[in-house]
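# Commentary on secondary and tertiary structure
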Amino acid sequence: MNNDNVLIAIPAYNEELNIEKVVLSSLRYGRVLVIDDGSTDRTAAVAESCGANVLKHNVNKGKGIAINTAFKYARSSSVSILVLIDGDGQHDPHDIPRLVKVISDGADMVVGSRYLGNNQKSIPFYRMIGQNILTYCSNLGSGIYLTDSQNGFRAFSKRAIKVLSFNMSGFSVESEMQFRAKENKLIVREVPIKVDYSSEVKRSPVVHGVSVLISVIKMSLKRKFKKEVRFDENINDSVGV
């Protein structure tokens, strides 16, 4: 796959300390787009100085909106593969080729998993409990079964880029992707990826988890009863669980 056909999008909110490392490593594998979601630090300036294209939101709108911005940009750029990777340094950009290969082999959405291989050994226990609960509920509600539904490290085919858009403004966008993938009959796969939890935690995992769980329940009810359920999220940030 020609790297010019791969767009690596990085939603970022106040990631001045981490964004340089993520951008520079990602540039080896494709074009890099940073969606600066209303940062109040130098995230955008640092990303631009490293060679990334930067799109800025005037205010913090939430990860889901930032991802919609990435998909819109990808559609207008006519790229063949879109990769999403968090801006906090939690993911290793050197895993990007692993996701891209599975897309090239015919998948529409590839999700990086912390729970395949031996990677789960590095996951704090409290995170593992919350992630497993959210994954179970997302799997049950969407009908697509993953080992790590909350992982923000993902890749999408040209078909997926064309058909996917999201209602969630915050972190439950990862779960929403499962519902949208099911609706659009996309081929979904997982690959093992490495995770680094050394970066600072910027929000309460409990508040975050409860917010995502409520949204997953609403999406599940909508899918089951085929009626409109109002979505309302107030948790805004830019990194995964």
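Scroll up a little and you will see the structure.
Residues numbered from 1 in each chain as written. Predicted model: local features only at pLDDT ≥ 70, side-chain atom pairs only at ≥ 80, totals over all residues. Heavy atoms only, no water.

Broken down by element type, the chain carries 8 helices and 7 strands. Within the chain, the fraction of its 241 residues that count as buried is 55%. Residue pairs at least 24 apart in sequence account for 74% of intrachain contacts in the chain once pairs closer than 6 positions are excluded. Accessible surface, the chain as shown: approximately 10600 Å² in total, 53% of it carbon and sulfur. (Helix = DSSP H or I, 4+ residues; strand = E, 2+ residues; numbered from the N terminus. Buried < 20%, exposed > 50% of the residue type's maximum accessible area, 1.4 Å probe, protein only. Contact = heavy atoms within 4.5 Å. Areas by Shrake-Rupley, 256 points an atom, 1.4 Å probe, with all protein chains shown as cover.)

What follows deals with helix H3 (residues 63-77). Along its 15 residues, H3 runs 21 Å from first to last C-alpha, staying within 8% of the 21 Å computed at 1.5 Å per residue. Turning to H3, its buried residues are Lys63, Gly64, Ala66, Ile67, Asn68, Thr69, Ala70, Phe71 and Ala74. In the stretch just after H3, serine 78 is the one whose phi turns positive, near 60 degrees. (Expected span 1.5 Å × (residues − 1).)

The next subject is the sheet that holds strand E1 (residues 6-12). Overall, mixed pairing links the 7 strands, which are arranged E3-E2-E1-E4-E6-E5-E7 in an open sheet. The open sheet terminates on both sides in strands that have one partner only, identified here as strand E3 (53-57) and strand E7 (188-192). Ignoring which end each strand starts from, the neighbouring axes of this sheet average 20 degrees apart. Here helix H7 (residues 173-183) sits on the sheet and contacts strand E4 (81-84), strand E5 (109-113), strand E6 (154-156) and E7; the angle it forms with E6, its principal contact strand, is near 30 degrees. (Pairing = 2+ DSSP bridges. Axes fitted to C-alpha atoms, helices over the stretch in contact; angles between N-to-C directions.)

Turning next to the packing of aromatic side chains. Inspection of every chain in the model, using the stated rule, returns 2 aromatic pairs. When the ring of phenylalanine 71 is compared with that of phenylalanine 156, the centres are 5.0 Å apart and the planes differ by 70 degrees; the resulting orientation is edge-to-face. With phenylalanine 71 in helix H3 and phenylalanine 156 in strand E6, the pair connects residues that are 85 residues apart, well separated along the chain. Just as phenylalanine 71 is buried, phenylalanine 156 falls in that class too. Ring centres of phenylalanine 71 and phenylalanine 166 lie 5.4 Å apart, and the angle between their planes is 80 degrees; on these two criteria the pair is classed as edge-to-face. Separated by 95 residues along the polypeptide, phenylalanine 71 in helix H3 and phenylalanine 166 in the loop between helix H6 (158-163) and H7 bring together distant segments of the chain. Both residues of the pair, phenylalanine 71 and phenylalanine 166, belong to the buried class. The structure contains a cluster of three or more aromatic residues connected by ring pairs, namely Phe71, Phe156 and Phe166. (Phe/Tyr/Trp six-rings, centres within 6.5 Å; stacked < 30°, edge-to-face > 60°.)

The next point concerns the nonpolar core. Within the largest apolar cluster, 34 residues are counted, with the highest numbers of intra-cluster contacts made by Ile8, Ile10, Ile19, Val23, Val34, Val83 and Val110. Where this core is concerned, the elements lending two or more residues are E1, helix H1 (19-26), strand E2 (31-37), helix H2 (43-49), E4 and helix H4 (96-104). Looking at this core, the element that brings in the most residues is H4, giving 5 residues. The contact partners of valine 83, leaving out residues within four places of it in the chain, are Val6, Leu7, Ile8, Ala9, Ile96, Val100, Phe153, Arg154 and Ala155. Within the second largest apolar cluster, 27 residues are counted, among which are Ala9, Ile144, Phe156 and Ile161. (Core = buried A, V, L, I, M, F, W, Y, C linked by side-chain atoms within 4.5 Å.)

Our focus in this paragraph is a nonpolar patch on the surface. Taken together, the side chains of Phe125, Ile129 and Ile133 present a nonpolar region at the surface, about 320 Å² in accessible area. Of note, isoleucine 129 is situated in helix H5 (residues 125-142). (Patch = residues over 30% accessible without salt bridge, like charges linked within 9 Å, V, L, I, M, F, W, Y side chains within 5 Å. Salt bridge = Lys/Arg side-chain N within 4 Å of Asp/Glu carboxyl O.)

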